[in-house]
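Fold and contact review
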Amino acid sequence: MTLTNRDAKYIWHPYTQHYKGNKHIVIDHASGSYLFDQDGKKYIDAISSWWVILHGHSHPYIAEKVIKQLGKLDQVIFAGFTHEPAIQLAEKLLNILPPSQQKVFYTDNGSTAIEVALKMCIQFWYNQNQPRSKILAFKNAYHGDTFGAMSVSARGTWTAPFKNQMFEVIYIDTPDSNNLEDLQKIIETHAADLACFIFEPLVQGSAGMLMHKAEHLDQLMALCRRNGILMIQDEVFTGFGRTGRNFAADHLQQQADILCFSKGLTGGTMPLGITTCSSEIYAAFLAEDNLKTLFHGHSFTANPLACAAAAASLDLLAEPDCQAAIQRIAALHSTFATSIELHPLVRSVRQTGTILAIEWETGEGTSYFNGLRDWLYNFFLDKGIILRPLGNIIYILPPYCISNADLEEIYAAILEALDLKLR
Ligand SMILES: *Cc1c(COP(=O)(O)O)cnc(C)c1O
């Protein structure tokens, strides 16, 4: 049996309707911004393998650090014990975060980083005998697929089967130049019941790369601060250079109480999640009373290999070459965005740093563009480019090592697709 057939026989894939009997492409190896399938076909990984790869695949520096760590210490229980990679990574990360962030809590993916953040906020109030049950979140939010993370994400078809199992959330629009007064009213009405406000800063990735301005988010954050609402900033997607700066936090004046990280944290090599918090949050759990403990942990909490990978990835991120690459990608994106924004099939082009999104005109009300998403996906795949449209939105989210030539190839393919559909 071929690998493809064996896959179909045994494996249940994420976000996949298997009824259609779809075939999965078998990837054999990867290097830099390329993936190679078992027949040797090369693909440009224009979406960083679901937003995680930062410096390119199988980066030799990260590989070296992980291999070295594997020979020394593979895994150890993280209650009662600790290890150098976890300590080193915590120091390195806190060093480049806003000063409000003082403690690092480890998990192993983005959703669990969010779960921990929510628990920190809810228990923060509980520990002080002022329980608060509601959460404030953005419309169109996405914070992950576990129950807590799903609860504070937008409700829709994906979450419909579980609607009775989710907790109470108040949804608000993202801030703009006109709506601050409306947001203020909502916040003031609910302030006393709110355990926290959770948000994706600047870019709402899964919703289709929806963007809002740092200036407006700052105003909203200041409003939350004035009303005593704890803030969870979900940097799972925006962290580690995607927005053109190390973190979305680096575009903001206001500081959240809690930050969440995953995806690019290890440069995309290993699963790891981090929730950081202020000393004020941490202090609310310090007590002789054992019941004030944060009772949360995963078997692989602070896995030494993942911590070593993350520390290595942070080294690479800090290098001038990497910082220059981020600016180079942002500049090329910007030139391309300007060149297509008047194309009749382009409804809008949005960019924040290395993230570029193009929303297609779908001719709403007609059925002409039904299946546009699948058509686009296959069009690019045929050309050896992995782009995974979110409905009628194409986005480019490359690893920072991508060459100008490869970026130009992606832009040209997008333009070709636009022109083909125009005919
Ligand atoms: C992907 C994502 C998550 C969830 O991370 P997983 O590692 O997939 O569980 C949470 N928040 C944001 C903003 C994300 O983009």
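The rules behind the values
- One numbering rule holds for all chains: residues counted from 1, following each sequence as written.
- Two thresholds apply to this predicted model, a pLDDT of at least 70 for residue-level local features and 80 or more for giving and counting side-chain atom pairs, whereas whole-chain, interface and lining totals are computed over all residues.
- Note: side-chain values were computed over all heavy atoms of the structure, leaving out hydrogens and water.
- The term salt bridge refers to a pairing of a side-chain nitrogen on Lys or Arg with a carboxyl oxygen on Asp or Glu at a separation within 4 Å.
- Secondary structure elements are taken from DSSP: a helix is a run of H or I of four residues or more, a strand is a run of E of two residues or more, and numbering for both begins at the N terminus.
- Buried, partly exposed and exposed residues are distinguished by accessible area as a fraction of the type maximum, computed with a 1.4 Å probe on protein chains only: under 20%, between the cut-offs, and over 50%, respectively.
- UniProt positions are given in the numbering used here, feature names are shortened, and annotations may be inferred rather than shown by experiment.
- Throughout, a contact is declared for two residues whenever any of their heavy atoms are within 4.5 Å.
- For two strands to count as paired, DSSP must find a minimum of two bridges between them.
- Fitted lines through C-alpha atoms give the axes, limited to the stretch in contact for helices. The angle between two N-to-C directions lies from 0 to 180 degrees.
- Think of it this way: one heavy atom of a residue within 4 Å of a molecule or strand is enough to make that residue near it.
- Residues adjacent in sequence count toward polar contacts only when both atoms are side-chain atoms; beyond that, a polar contact is any pair of N or O atoms within 3.5 Å, and within protein one must be able to donate a hydrogen and the other to accept it.
- Charged means Asp, Glu, Lys or Arg here, nonpolar means Ala, Val, Leu, Ile, Met, Phe, Trp, Tyr, Cys or Pro, and polar covers whatever is left, Gly included.
- Put simply, angles under 35 degrees are roughly parallel, angles over 145 are roughly antiparallel, angles from 65 to 115 are roughly perpendicular, and the rest are oblique.
- The crossing is said to be left-handed when, going from far helix to near helix, the turn is anticlockwise and less than a right angle, and right-handed when the turn is clockwise.

A word on the pattern of salt bridges
Following the criterion strictly, the structure yields 10 salt bridges and no others. Among the salt bridges present, the one from Lys139 reaches Asp173, with a minimum N-O distance of 3.1 Å. Here the residue Lys139 occupies a position in the loop between β5 (134-138) and α6 (147-151), and Asp173 occupies one in the loop between β6 (169-172) and α7 (180-190), the gap between them amounting to 34 residues. Given the relative accessible area of 39%, Lys139 is considered partly exposed. Overall, the relative accessible area of 38% leaves Asp173 in the partly exposed class. Salt-bridge contacts for Asp257 lead to Arg225; the nearest nitrogen and oxygen are separated by 3.3 Å. Of this pair, Asp257 sits in the loop between β10 (231-234) and β11 (258-261) while Arg225 sits in helix α8 (residues 214-226), and the two are 32 residues apart along the sequence. Assessed through its relative accessible area of 3%, Asp257 is described here as buried.

Topic: the UniProt feature "binding site: pyridoxal 5'-phosphate" (unreviewed entry) in the protein
The positions that UniProt labels "binding site: pyridoxal 5'-phosphate" (unreviewed entry) are, in the present scheme, Gly110, Ser111, Asp234, His298 and Ser299. Over a stretch of 190 residues, the named residues are scattered through the fold, their C-alpha atoms separated by up to 23.0 Å. Apart from residues no more than four positions distant in its own chain, Gly110 is found in contact with Val236 and Ser262. Mapped onto the elements, Ser111 comes out in helix α5 (residues 110-126). If sequence neighbours within four positions are ignored, Ser111 has contacts with His143, Gly144, Asp145, Thr146 and Ala149.

Let's talk about the sheet that holds strand β13 (residues 346-352)
What the three strands build is an open sheet, ordered β13-β14-β16; its pairing is antiparallel. Every interior strand has two partners, whereas the edge strands, β13 and β16 (393-396), have only one. Within this sheet the neighbouring strands show an average axis-to-axis angle of 15°, counted without direction. Lying on the sheet, helix α13 (residues 404-422) is in contact with β13, β14 (355-360) and β16; it crosses β14 at an angle near 5°.

Details of the site of the ligand
Within the structure, the ligand sits among Trp51, Asn109, Gly110, Ser111, Tyr142, His143, Gly144, Glu200, Asp234, Val236, Phe237 and Lys263. In this structure, an oxygen atom belonging to the ligand sits 2.8 Å away from a main-chain N or O atom of Gly110. Contact between the ligand and Lys263: an oxygen atom at 2.6 Å from a side-chain N or O atom of the residue. The residue inventory of the shell around the ligand, partitioned by class, reads four nonpolar, five polar and three charged.

Focus: unusual backbone geometry
Not every positive phi belongs to a glycine, and Ser49 is a case in point at roughly 50°. Among the secondary structure elements, Ser49 is positioned in helix α2 (residues 48-51). Of the residues examined, Ser49 reaches a relative accessible area of 29% and is grouped as partly exposed. Residue Asn140 is not a glycine yet carries a positive backbone phi of 65°. The topology assignment puts Asn140 in the loop between β5 and α6.

Describing the packing of α7 against α8
At a minimum axis distance of 11 Å, the contact between α7 and α8 shows a crossing angle of 25°. Considering their axes alone, α7 and α8 lie roughly parallel with respect to each other. Taken as a pair, α7 and α8 cross one another with a handedness that is right-handed. Contact residues: α7 offers Leu180, Leu183, Gln184 and Ile187, while α8 offers Gln219, Leu220, Leu223 and Cys224. Partitioning the contact of α7 with α8 into residue classes produces six nonpolar, two polar and no charged.

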